[in-house]
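So the chains spell out like this:
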Amino acid sequence: MFRTDKMNSIESSERTVVRVAAAGSEADPPEAVKRTDARVVPVGSTGVTALEPLVAVTRGGRTAFHARCSVDRLEGVVAAAEEADDVTAGDPDAVVDHDPDATRLPAVDLPGLSAGRRDVLGACGWRRPTSADDHEAAGGFADHDAADVFDAGADLRGRGWGDACHDDPVGESWATARDADGDAAVVVNAHGSPADALLLASAPLEVLDGATTLADAVGATEVVVYASSDDARAVETAREAVEAHPDPVVPVEVVTGPPEYRAGEPTMALEAIEGNHRLEARLRPPGPERVGLDGRPTLVHTPRTLAHLAVGLRGDDGDEGGDTRLVTVRGDVETPATVELPETASLSAAVDAVDVDGTLKAACVGGRFGGLTADLGVAAGPDALADAGLGTEGVVEVLSEGRCLVEFVGRRTRYAAEENCGRCVPCREGSTQLANLLRDVYDGEYDPEGVAELVGVMERSSICEFGVNAGRPARTATTEFALEFEAHADGQCPAGNCFDAREAPEVTTST
Amino acid sequence: MSSDRSEVDVPPLTEGIAPGTATDPDVGSDEAATVTVDGTDVTVPAGSTLLDAVDAVETDGYVPALCHYGRQDIGPRSECRTCMVETESDGVVPACSFPAEDGAVVDTDAGEAAEARDVNLDLVLSDHNLRCTTCGKNGRCELQDASIDQGVEEPRYGVLDDRDQYEPLDDSSSFIQIDRNKCILCNRCVEACNDVQVEGVLRMEGTGNDTRIGFQNGAETMEDSTCVSCGHCVTVCPTGSLVEKGIENATTIPIPGFNQKNSIGKTYENTDSTGSSGTVGRSDNQMTPQKRDQRTLESEEAPPESDGPDVVDPASEVWDDERRDWP
């Protein structure tokens with residue numbers, strides 16, 4: 001067994017603390033490590049998995065970081081530090097001096113971890129995910145007046161398409177739910193987004209703290225944490241965190257839904273929680289804040305939104321001020337990473353945190369149905385992204401030079417045609433016809449006006465965000481990369497993928 | 001309080017009913033409202049939608065509202081989106097499922113709303129086989145009426161004309177014929193079957209372009225379903241998808257050799273009661289299967305929450321859009 005005296009937070013420890021940050025389950029540390037005085041604690045992923053397992057050896061106010069440190073190497077690192085009585089022994093990749101009582105991962109000059117800030121991500125890779133003591137030492141579980149919570153909600157905008165207030169200030173829906181008849185519920189919708197899964201796996205108490213604080217403020221009687229059954233680690237950690245929560249004001253339940261993308265849509269999440277065997281979007285208005293889970297007023301927020309609430313209420317969101325955004329970079333990269341950027345920082349800062357496979361050609365910004373652009377100079381905030389016609393899901397999918405964008409958009413559109421819930425015509429039939437219009441390009445018929453007309457109607461008249469966004473890859477690509485489409489209509493694929501390669505093996509991606 | 005509301009006497013019969021559709025909120029207005037539609041003031045009672053107001057006036061633009069039924073508490077499904085109108089306060093909204101709020105100003109002729117109705121009607125047609133001349137609903141079809149009133153001459157996206165893609169005609173019931181190639185997925189039949197008749201036979205199943213009307217017991221044909229042949233689904237069907245047997249060719253253009261069956265090409269025929277299909281619960285001279293027996297049998301074989309083709313398809317669980325060739 002580890003020496004993990006659960007009654008104490010790590011920060012109050014006088015001994016050497018060895019944090020092992022990893023996204024997967026950790027191997028048992030070698031016997032030799034267990035025999036030392038050092039206290040080895042598994043913590044969650046930092047979001048930058050390329051560095052993991054990331055070992056951080058801390059004594060007092062000094063931490064030495066060892067990237068990609070295997071279990072075997074861990075033994076040597078700990079032994080060296082103990083022998084020399086100096087954490088910097090054992091050839092670390094970086095050494096940082098910080099406040100001895102630091103409750104979040106200190107700024108460190110390692111690739112990926114040096115990008116942006118770590119306010120909402122502060123707990124990730126530093127605090128034990130399910131340790132109430134660690135969370136309390138960081139200022140968590142504080143009581144907040146409902147008025148303060150509502151003040152915070154006035155400026156807070158929902159993060160991600162799984163949030164019923166995507167990009168909108170959340171405060172109005174909170175007041176509606178508080179004033180509506182019936183016992184309100186708070187749903188934590190962690191389905192599908194990599195940043196939300198990271199928060200649930202690495203900082204679940206931050207999320208639960210936000211959720212229970214909100215439940216208390218609006219008089220809700222239940223919190224339901226909802227996640228994809230595929231995110232096993234996040235679900236397991238969330239369940240442990242619920243157990244570890246010292247004093248939840250209301251009962252908290254963890255529920256899983258099917259892994260399909262559409263199951264993350266807020267009303268389909270409610271359908272899944274209610275146990276419907278088939279998921280489709282609900283009509284609105286009235287939205288879930290009036291009629292939601294089992295007909296009760298229901299606030300559906302993502303872990304990102306709720307963690308921002310919790311951190312913001314503590315005043316723990318940095319000296320520089322201003323909101324931040326979690327941005328996950330994946331696609332044609334060596335290893336995906338999630339970083340936290342000020343809303344004013346450009347997306348290129350996030351892409352700099354990863355190693356791109358080859359040269360970047362474009363990026364699909366804003367999740368599965370994001371917008372395609374070659375210009376990553378756009379700021380990470382939702383207004384700037386919307387102005388640029390891009391998505392605000394917090395995912396940047398890198399497309400490298402070898403990629404054919406016509407093919408990418410075609411595949412993404414066909415995905416929409418197959419995976420939509422099947423309810424409304426603009427999404428169900430529109431995505432099918434959009435895929436047909438894109439396929440026609442290969443037969444020499446490129447109709448950009450037809451694409452624009454159809455995508456406009458899908459955006460304007462679909463029931464939920466699935467259909468509203470499904471045409472965005474096509475809309476953005478046909479405007480920004482029109483030449484590629486015209487070339488295909490002439491029988492040429494600039495990337496060399498489409499025509500002579502029809503028989504060749506399929507392109508693979510790292511997503 | 002609402003916690004009591006959900007405990008109001010639910011007939012035990014409905015417990016096992018699983019129509020596969022979402023539980024929509026009540027979309028009507030909270031109170032009576034005066035709405036301005038194309039410059040005309042209309043007062044509608046509590047519980048109304050904008051479509052109630054739109055229906056009360058002679059509108060500038062044609063609003064098909066194709067999937068809307070508006071009777072017997074069926075709908076609004078709001079799936080066809082051919083009722084989009086422009087409002088001053090909320091932009092383009094579906095009139096059939098948007099509450100009529102006092103002071104709302106509706107413009108049916110606005111360009112973006114009119115374009116959405118037009119494109120969405122064409123999208124409905126794109127998945128409809130449009131074999132009107134061999135259709136039993138020719139001349140009494142809501143889709144045909146809407147298309148004529150809209151002035152559709154050549155739908156943008158064509159029609160479902162590839163016979164290889166046709167679903168077989170289900171002619172297996174003695175009373176009701178199903179042609180899914182003409183279905184617009186308005187869900188009226190599912191609601192009539194489950195919410196009005198409380199029979200629990202029909203359901204919505206599948207996703208994306210594979211969405212279809214199926215049977216809650218997982219049967220492939222009407223004959224093997226638990227249908228009691230009440231016929232309500234037929235009376236609500238807006239198109240030729242569900243027609244009464246005996247008049248399925250009533251309005252067919254009388255050209256010898258052309259009929260509903262051979263317009264599709266593939267048919268599920270009725271199996272004799274002594275046939276080899278293994279039909280459960282049916283005996284000689286019985287008009288409809290013994291649905292209670294069959295339901296019991298089905299539930300023994302597989303729990304209702306895990307049967308049927310619309311549960312998660314393992315192949316689609318993981319997102320991988322490189323799965324198949326493109327284009």
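The structure presented is a predicted model; accordingly, all values stated were derived computationally and were not measured.

About the thresholds
Residues numbered from 1 in each chain as written. Chains lettered and ligands numbered in written order. Predicted model: local features only at pLDDT ≥ 70, side-chain atom pairs only at ≥ 80, totals over all residues. Heavy atoms only, no water. Contact = heavy atoms within 4.5 Å. Buried area = accessible area lost by both parts, 1.4 Å probe. Salt bridge = Lys/Arg side-chain N within 4 Å of Asp/Glu carboxyl O. Pairing = 2+ DSSP bridges. Helix = DSSP H or I, 4+ residues; strand = E, 2+ residues; numbered from the N terminus. Axes fitted to C-alpha atoms, helices over the stretch in contact; angles between N-to-C directions. Buried < 20%, exposed > 50% of the residue type's maximum accessible area, 1.4 Å probe, protein only. Patch = residues over 30% accessible without salt bridge, like charges linked within 9 Å, V, L, I, M, F, W, Y side chains within 5 Å. Areas by Shrake-Rupley, 256 points an atom, 1.4 Å probe, with all protein chains shown as cover. Lys, Arg positive; Asp, Glu negative; His and termini not counted. Charge placed at Lys NZ, Arg CZ, Asp CG, Glu CD. pLDDT = per-residue confidence, 0-100. Phe/Tyr/Trp six-rings, centres within 6.5 Å; stacked < 30°, edge-to-face > 60°. Lys NZ or Arg CZ within 6 Å of the ring centre and 35° of its normal.

Asks: Would you mind going over the interface of chain B and chain A in detail, with residue names and values included?
Replies: Where interface size is quoted, it is often the accessible area lost as the parts come together. At the interface, 60 residues of chain B touch 63 residues of chain A. When chain B packs against chain A, close to 5400 Å² is buried across both sides, 51% of that on carbon and sulfur atoms. Counting across the interface, chain B meets chain A through 7 salt bridges. Note that Arg460(A) and Glu112(B) form a salt bridge whose closest N and O atoms lie 3.7 Å from each other.

Asks: Give a detailed account of the sheet that holds strand β8 (residues 252-257) of chain A, specifying residues and quantitative values.
Replies: Residue and element names in this part refer to chain A. Read from one edge of the open sheet, 4 strands run β8-β7-β6-β9, paired in parallel fashion. The open sheet is flanked by β8 and β9 (298-301), the only strands paired with a single partner. The sheet shows a mean angle of 20° between the axes of neighbouring strands, taken without regard to direction. Relative to β8, strand β7 (residues 222-228) runs parallel, the two being bridged by 6 bridges. Considered in β8, the bridge of Ser-228 is made with Gly-257.

Asks: Explain the pattern of salt bridges to me, using residue names and the numbers behind them.
Replies: Taken as a whole, this structure holds 45 salt bridges over all chains when the rule is applied. Between Glu206(A) and Arg127(A) there is a salt bridge, with the nearest N and O atoms lying 2.8 Å from each other. Pair noted here: Glu206(A) is in helix α7 (residues 204-218) and Arg127(A) is in the loop between β5 (94-97) and α3 (132-137), with a separation of 79 residues, a long-range link. The same class applies to Glu206(A) and to Arg127(A), which are both buried. The salt bridge involving Asp122(B) is made with Arg156(B); its shortest N-O contact spans 2.7 Å.

Asks: I'd love a proper account of the sheet that holds strand β4 (residues 62-66) of chain A, names of residues and values included.
Replies: Residue and element names in this part refer to chain A. With mixed pairing, 5 strands are arranged side by side in an open sheet as β2-β1-β3-β4-β5. Two strands close off the open sheet at either side, each with one partner strand: β2 (39-43) and β5. Each adjacent strand pair in this sheet contributes to an overall mean axis angle of 20°, direction not counted. Alignment of strand β1 (residues 17-21) against strand β3 (residues 54-59), held across 5 bridges, turns out to be antiparallel.

Asks: So what about the pairing of strand β11 (residues 337-342) of chain A? Which residues, and what values?
Replies: Residue and element names in this part refer to chain A. β11 sits mainly inside the fold: 6 of its 6 residues count as buried. In terms of strand pairing, strand β10 (residues 324-331) meets β11 through 6 bridges, oriented antiparallel. Paired with Thr-324 across the two strands is Pro-342, which belongs to β11. The antiparallel hairpin formed by β10 and β11 contains 5 residues in its connecting segment.

Asks: Pulling in residues and values, what's your account of the side chain of His308(A)?
Replies: All names here are of chain A. With respect to the helices and strands, the residue His-308 is situated in helix α10 (residues 303-313). Exposure remark for His-308: the relative accessible area of 9% places this residue in the buried category. In contact with His-308, other than residues within four places in its own chain, are Val-120, Leu-156, Arg-159 and Thr-324.

Asks: Talk me through a negative patch on the surface; I want residue IDs and the actual numbers.
Replies: All names here are of chain A. Where like charges cluster on the molecular surface, the negative patch consists of Asp-143, Asp-145, Asp-148, Asp-151, Asp-155, Asp-216, Asp-247 and Asp-323. The leading source of residues in the negative patch is helix α4 (residues 146-155), at 3 residues. Looking at where Asp-145 falls in the secondary structure, it is placed in the loop between α3 and α4.

Asks: Explain the confidence of the model for chain B residue by residue, including any values.
Replies: Residue and element names in this part refer to chain B. The predicted model of chain B averages 84 in pLDDT, with 80% of residues at 70 or higher. Here residues 1-7 is modelled with pLDDT under 50, and outside its nearest four sequence neighbours on either side it reaches 7 contacts, counting other chains as well. Considering only residues more than four positions removed or in separate chains, one finds that residues 273-286, a stretch of pLDDT under 50, has 16 contacts.

Asks: Would you mind going over a nonpolar patch on the surface in detail, with residue names and values included?
Replies: Residues Ile253(B), Ile255(B) and Phe258(B) make up a contiguous nonpolar surface patch of about 290 Å² in total accessible area. Its location among the elements puts Phe258(B) in the loop between β10 (242-244) and α7 (260-264).

Asks: Break down the packing of aromatic side chains for me, citing the residues and quoting the values.
Replies: By the definition in use, this model includes 9 aromatic pairs over all chains. When the centroid spacing of 4.7 Å and the interplanar angle of 15° are considered together, the rings of Trp161(A) and Tyr261(A) count as stacked. Taken as a pair, Trp161(A) in the loop between α4 and α5 (171-179) and Tyr261(A) in the loop between β8 and α9 (266-274) lie far apart in primary sequence, 100 residues in all. Here the two residues Trp161(A) and Tyr261(A) agree in accessibility, since each one is buried. Pairing Phe369(A) with Phe466(A) gives two aromatic rings, centres 5.1 Å apart and planes at 70°, and the pair type is edge-to-face. Of the two residues, Phe369(A) is situated in the loop between β12 (360-365) and β13 (371-373) and Phe466(A) in helix α16 (residues 465-470); the sequence distance between them amounts to 97 residues. For the pair Phe369(A) and Phe466(A), a shared accessibility class is recorded, and that class is buried. Between Arg71(B) and the ring centre of Tyr69(B), over which it is positioned, the NZ or CZ distance is 4.0 Å.

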